[in-house]
Amino acid sequence: VDEATKVRGPPACTLTLRRYLEAHDALPERPLVCAVPVSVKSEEELRHFSNKVSIMSVRLPTHLEDPAAIVRAVQEETEVAKRSFDASDPERVLGWLDWAPGPLVALGVRLFTALELAERVPMPWNCVVSNMRGAPFPLYFAGAQVLATYPMGPVGDAVGVNITVL
């Protein structure tokens, strides 16, 4: 991938997902859609250790076979997604969660599962593709240096694949 595209992760994920689905005779005719977490922290919030994210949707062209065509298509899809994301108000999209009491959110999640709504309400994404910045300094746990860390992101009903790179 040339430096101008800056979309290394999604093309590799697209090709890997395509090969996996093809090997299991489950390749859909339409592209998969991945959720890409995007930080929406202000300059001031960047100084604090916390997360403040919204979601950008990117179509993964799993229907294409040629790796070069996949890279081009992902670059185009990512540009479209970025323009759409930039035109929206990402803080408002997920901002209501700041005001919802934790027990109420937990109850909503339990009801969603108990009522099997994932079977009736289509999810807007098939997977999650994300990256996380590692610590810029050595980490220690109980006096021992941490030599490796492995990111883990959420999975759930209808979104069973999460690819997170550290």
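Here goes a summary of the coordinates provided. A quick note: this is a predicted structure, and the numbers were derived from the prediction, not measured. (Residues numbered from 1 in each chain as written. Predicted model: local features only at pLDDT ≥ 70, side-chain atom pairs only at ≥ 80, totals over all residues. Heavy atoms only, no water.)

1. Quick word on the nonpolar core
Right, on to step 1. Core analysis: the largest hydrophobic core is formed by 14 residues, its most contacted members being Cys34, Met56, Val58 and Leu60.
Right, on to step 2. At the level of elements, helix 1 (9–23), strand 1 (32–39), strand 2 (53–60), helix 2 (67–87) and strand 3 (127–131) are the ones that each hand at least two residues to this core.
Right, on to step 3. Other than its neighbours up to four places away in sequence, Val58 contacts Leu32, Val33, Cys34, Val36, Glu77, Thr78 and Ala81. (Core = buried A, V, L, I, M, F, W, Y, C linked by side-chain atoms within 4.5 Å. Buried < 20%, exposed > 50% of the residue type's maximum accessible area, 1.4 Å probe, protein only. Helix = DSSP H or I, 4+ residues; strand = E, 2+ residues; numbered from the N terminus. Contact = heavy atoms within 4.5 Å.)

2. Concerning the state of the cysteines
Right, on to step 1. Under the counting rule described, the total for this entry stands at zero disulfides.
Right, on to step 2. The thiol of Cys34 is not disulfide-bonded; the next cysteine sulfur, from Cys127, is found 5.0 Å away.
Right, on to step 3. Judged by its relative accessible area of 1%, Cys127 is buried. (Disulfide = S-S within 2.5 Å.)

3. What to know about the sheet that holds strand 3
Right, on to step 1. Pairing in this open sheet of four strands is mixed, and the strands run 2-1-3-6 from one edge to the other. Strands with a single pairing partner mark the edges of an open sheet, and in this sheet they are strand 2 and strand 6 (161–165). Geometrically, the sheet is characterised by an average inter-axis angle of 25° between neighbouring strands, direction not taken into account.
Right, on to step 2. Here strand 1 pairs with strand 3 via two bridges, running parallel. From the neighbouring strand, Ala35 faces strand 3, where its bridge partner is Val128. (Pairing = 2+ DSSP bridges. Axes fitted to C-alpha atoms, helices over the stretch in contact; angles between N-to-C directions.)

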